[in-house]
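Structural overview for review
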Amino acid sequence: MPYRSRSRLVVVGNGMASLKLLEEVEAGCFDITVIGAEPEPAYNRVLLSSVLAGDTSLDDIRFRDRAWYAGRCMTLLTGDPVTALRPARNEVVLKSGQRLGYDRLVLATGSEAIRLPVPGANLAGVLTFRDLGDVSALQAIPAGTAAVVIGGGLLGIEAAYGLARRGLDVTLIHLMPHLMERQLDPVASGMLKDALVAKGIRVLTEASTECIEARDGHAEAIVLKDGRRLPASLVVMAVGVRPAQSLAATSGIDTGRGIKVDDKLETNWPGVYALGECAEHRGQWYGLVEPAYDQARVLARYLSGLPARYEGTLIATSLKVSGVPVYSIGDFDGRDAEVIALHDRAAGTYRKLVVRDGRMVGAVLFGDTADALWYRDLVTRRTPVESLRAALPFGRAYAEAA
Amino acid sequence: MDDGSLSVASPEPGGHVARPVRTTCPYCGVGCGVLATPDSSGGATIKGDPAHPANAGRLCSKGSALGDTLALDTRLLEPVVDGARTTWNTALDHVAQRLEAIRAAHGPGSIAFYLSGQLLTEDYYVANKLAKGFLGTPHVDTNSRLCMASSVAGHKRAFGADAVPQCYDDLELADLVVLVGSNAAWCHPILYQRIQVARGERGMRVVNIDPRQTATSEGCDLNLAIRPGTDQVLYNGLLVWLADRGHLDHEFVSRHTSGFDAVLASAREAAPSVRQVAAATGLDVSDVELFFSWFGSTRRVVSCYSQGVNQSAQGTDKVNAIINCHLATGMIGKPGSGPLSFTGQPNAMGGREVGGLANMLAAHMGFSDSERDRVRRFWNAPALVASEGLKAVDMFEAIQRGEIKALWVMGTNPAVSLPRADRVRDALRKLDLLVVSENVMATDTLDLAHVRLPAHAWGEKDGTVTNSERRISRQRPFLEAAGSARADWWIMGEVARRLGFGTAFSFTSPAEIFDEHARLSGFENTAASPADRRAFDISGLTGIGGGGYDALEPVQWPVRTGSAPAERLFADGGFFTPDTRARFIATSPARLASPVSEQWPFVLNTGRIRDQWHTMTRTGLSPRLSTHIQEPFVEIHPEDASRLGLEQGTLARIETAHGAATVRVLLSRGQKPGNIFAPFHWSAQNSSSGRVSSLVHGAIDPVSGQPEAKATPARLAPVAVTHYGFLLSRTPLRPEGMAYWAECRALFGATPGFTLHLALDTDAARMSDWQRATLPDGDWITLEDAGAGTFRTAVFRDSQLEAVLFLSASPKLPATDWLRTQFDSPCDLAGRRTILAGKPVTGGADEGPIVCVCYQVGSRRIEAATLGGCATTKEIGTKLGAGTNCGSCLPEIKRLIASTMAASRAAAE
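Treat the numbers as computed from the prediction; the structure is a model and nothing was measured.

In terms of regular secondary structure, chain A is built from 10 helices and 26 strands. Rg of the C-alpha trace for chain A: 23 Å, near the compact-globule value of 21 Å for 402 residues, within the 12% margin. Within chain A, buried positions represent 46% of all 402 residues. Contacts in chain A between residues at least 24 apart in sequence constitute 59% of all its contacts with a sequence separation of at least 6.

We now examine the interface of chain B and chain A. Listed by partner, the interface residues are 20 residues for chain B and 20 residues for chain A. Partitioning the side of chain B that touches chain A into residue classes produces 10 nonpolar, 5 polar and 5 charged. Summarising the sheet, strand β24 (residues 338–344) of chain A and strand β30 (residues 779–785) of chain B pair through 5 bridges and their orientation is antiparallel. Within β30 of chain B, the residue paired with H343 of chain A across the bridge is T782 of chain B.

Residues and elements named next belong to chain B. If you walk across this open sheet you meet the 3 strands as β17-β18-β19, and the pairing is antiparallel. Both edges of this open sheet fall to β17 (463–466) and β19 (555–556), since each of them pairs with a single strand only. When β17 meets strand β18 (residues 471–475), the two strands line up antiparallel, connected through 4 bridges. Considered in β18, the bridge of V465 is made with S473.

Attention now moves to the pairing of strand β15 (residues 433–438) of chain B. Residue and element names in this part refer to chain B. Burial runs high along β15: 6 of the 6 residues are buried. Residues L433, V435 and S437 of β15 are buried on one face, and the alternating residues L434, V436 and E438, pointing to the opposite face, are buried as well. The pairing of strand β14 (residues 406–410) with β15 spans 5 bridges and is classified as parallel. Counterpart to L407 in the pairing with β15 is L434. Inspection of the sheet shows β15 paired to strand β16 (residues 451–454) by 4 bridges, in the parallel sense. Each residue of the ladder has a partner; that of V435, found in β16, is V451.

Attention now goes to the pairing of strand β5 (residues 91–94) of chain A. The side chains of a regular strand alternate, residue by residue, between the two faces of the sheet. All names here are of chain A. Bridge count for strand β4 (residues 82–86) against β5 is 4 bridges, and the pairing is antiparallel. Residue R86 lies in a different strand from β5, and its bridge partner there is E91. Hairpin remark: β4 followed by β5, antiparallel, with 4 residues in the connecting loop; positive phi at N90, about 55 degrees. Bridging between β5 and strand β6 (residues 99–101) involves 3 bridges; their strand directions are antiparallel. The residue of β6 that forms the bridge with V93 is R99. Hairpin connection of β5 to β6: 4 residues between the antiparallel strands, including G97 at a positive phi of 100 degrees.

About the thresholds
- Residues numbered from 1 in each chain as written.
- Chains lettered and ligands numbered in written order.
- Predicted model: local features only at pLDDT ≥ 70, side-chain atom pairs only at ≥ 80, totals over all residues.
- Helix = DSSP H or I, 4+ residues; strand = E, 2+ residues; numbered from the N terminus.
- Rg over C-alpha atoms; globule rule 2.2 N^0.38 Å.
- Buried ≥ 20, exposed ≤ 12 C-beta atoms within 10 Å, placed from the backbone.
- Contact = placed C-beta atoms within 7 Å.
- Nonpolar A, V, L, I, M, F, W, Y, C, P; charged D, E, K, R; others polar.
- Pairing = 2+ DSSP bridges.

Here it is, written out as structure tokens:
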């Protein structure tokens, strides 16, 4: 490029955080290059389980086609991942050997699935569930296959649900006593378990994997620490993700749990930024899409020369887990606080609202999330709720009629 | 209306289109005519009888709901001996053998009968004859002792006979009606409505003398909230005023009375001036003067007195103090003018006619040698008793002492209704034989009975009753008897036969008994000597036969052979004293039997509420009637309450020297400071600790033997609980471990259910265990807000609501009205949790507390209509229907209109 009038922005990673940034940033300000590790441009990772289940087609989870990038004068490189960062030289190195210089660098490398360090973890038939490639592999497994999904977090549950929908014989095992214990309280977690069982999935909690047994190099069964042996010619490991920060860590960029950024989302290297699941902000690492989008919006403004600060995202989980709407926000645990709980176990609905000092500080909604936004507003605006306390669990319509 | 078509129709179980049967309401002493049209399923449609002179077609809320009380689920259907169901033969043999054995061992005086103003005259007659004539025990008394005895004694002292001089029409002909100790709006609603209609049409004045402000006060021109127990002072003062201001009828006094001068002197001593009357009664001088001047300047005054006068240790004196003023002005027995006692019970007067009381022998005869001889000959009863027996309170004391060994209770519930009811309950446990003839399965009295005999209930009963204006009306059957239930007279006749008295009890129908009763009333009742003449004489009704009896029209006694029935008595003298002159009676100094003290600082008044009757064994069956007031309560002035730390809707423990009760607190400015009121209806069957009569002292009037139920020294204190709540359920639930509960029936939409009001004193942590032990199985929907003390649970089964529990740290809970309607409609799974909000998401359907029971109109709707422009009860009636049926709620509607308008004016200013 012999002549440059605009500064160069390189974005490493083409996931949902990356795309949001590209949509928000003032395109005219930069020459933008985006480098995705996967062969496909950014897609909706949240819906992978839905694709696996056959509820959603691949086309439906695509966000922007290549023409969109081209139309905005962005260079999209896929299938040629970055292998090294050289912040001291303002350049990145791709697998193909190509080197790209930049004025500003954004790391949006996301996270990678964790494989349990147990014997047999790398056998054939032991998969993870993180990207489209994983989905394709899982889609190839025939119905009726005995499958064990390890991990009762969101990903594992979705994998189990998707596989069950495809007709596999699925057992979900989870180390902790409660499924999704980071997003749900024990009651909602119990309801989720009921919902999964109702869909034909066996759920074992407090189940710790000892090893995966093989026959002819292929997974055959899982052995638990308590001695139980579960036949499994498919094992899906969905025990969590870790920030994909090795590029940064080996390049002199400060990392902790993730790549450390300040309120401008800037790393310790000026002009190098990070966002999304690879970033750690104020000691907090988020594994959800909403904070990533918040960060993308802030960074886009900042890069565009507008004042912007990221001060953290109140964690709200809003998902459909195996078809059931689930929402949680703030401090939903309720220790040292007052808890209001409305529970219809048979109907599968549950609302738990946490009040401290006359204000709502958190909530878990299960099965019905109609009032989620109202609760979120009450929590984020710190609205005093004493006067509407009696109507609170019944939602906005009751509170406003009262 | 063709009377011929309305004579007795036999029950028609076949399901033909039934004709209405003319009968009489079984509740208060007004004695309203009822048209009952049986349906094909054991129930009946109830309407007022337009042809009955007492009510001309109107019925109060209780009467209107009679159809709700006919179901058999609480009926006693078989005889039960020592807890085992048995045949009539075995039960009757058992009763006869036990009575015989006890009489042989301890003498006839060891046997007693406790009867009821609910019994028909014919039943009463047979009981009285059996006891006094054949078993030879004088101990026959009745719950009328708790109700009417002081009026009876007062009448006898003044008139020489238990004869009410007036008739109901006088209420419409009067220019001044004085209500003394009467919450007629609630307790005699039809008479109150008659007064109010006349007041509206003719501008008649109404004065209300009552320490309490009640629903009755709404329709009065002057309310005199006197200090309890000072009625005589007021009336002595009135007598002095009448004498001093020239309002006396000297001719009537001199020709038809005796004792005036001495009584006036005594009255002057007790109440020398208006100022002193005002000071003693706690009234304003101007109010006293106004009342006196109205009374003195009006020639048509009717004084209506009821339990506030009667239920007093000086009740007889109070009655005579009132009658004195009528005698002094000659205002007696004249159209629109005279004293008119409002009787509590449907057949208190009929019971007295036959002599079914300890201090009467039979048919208005006492125990003189000549009277005894006459009755002995008439009955051919050699064992006839020699003298008076024990009156109610003394009777139960004799049981307590072990002197009375066998008691036969019929149609009443002394373990609940007598003063010191806990002591009465203990006494009943000492009996060798307790026989209870009843139509319900369980009462606090029945719980202690050795023998339970199933008696006919209203709708099955066949006989006569006499109301407050001496009017005899037929109670006619319109249903087949339930199970093995029998008429009381039949039951007693069978026992009599087994005791060897068959000849004297060979009755085969109530008509035969009535005939004997009528003959006795006329027997040797034509003596030339006035001293021997008896007021009660229905000899004109002898020989009417079964057909005449069946067709008997409501008629006022006396019905002497050859003369017309008398509407009024004594206008021209002719009193039943030896000299035919009425007596002025001096009254003793006014005082309460037990004064308040530092230890017992409150005066406890007990009484009734609008929609319940006695111990609720029948009215309690009607869900409609439970919509008005659902729990036992104490009314207390807000200042007293705040001093004691009692808040509206919390619980108070009332204590007296005799017992304790835990009831709901109701703040009321209608209650004088230092005075509290509690209704006596609740029992151990429907409340944890609502047996209010257990608090009432046993002080009795020395003349009438009537206990003072309106002034027991008491104290009260808050009851600390952690949670208040209610439990609605399709079937009755009685959880363990409640600090307080009261149960009533309720309508869940169109289906029957139960409301349990309750309080808990428990750890929030134990709440879920308690709920698990309490609530039925099914889909549970729960709301917990431990911080606010809120626990709510709804139980669904097959998409239908089974039960709803609401608990709160505060007594302010949502009304149950909307929730109850939710039992009727299937709820969709997704939305059903909002049941626990206790109200619909949009306003509007929430009625508020029900005011009009007949049309189920709540206070909120009435308030809204008032704000919408309805300024009178009539306009409310046109718009909402409220108050247009029985009218019992009109005073409350009036008050609601007034308070709503006042609030709206205040808001506007």
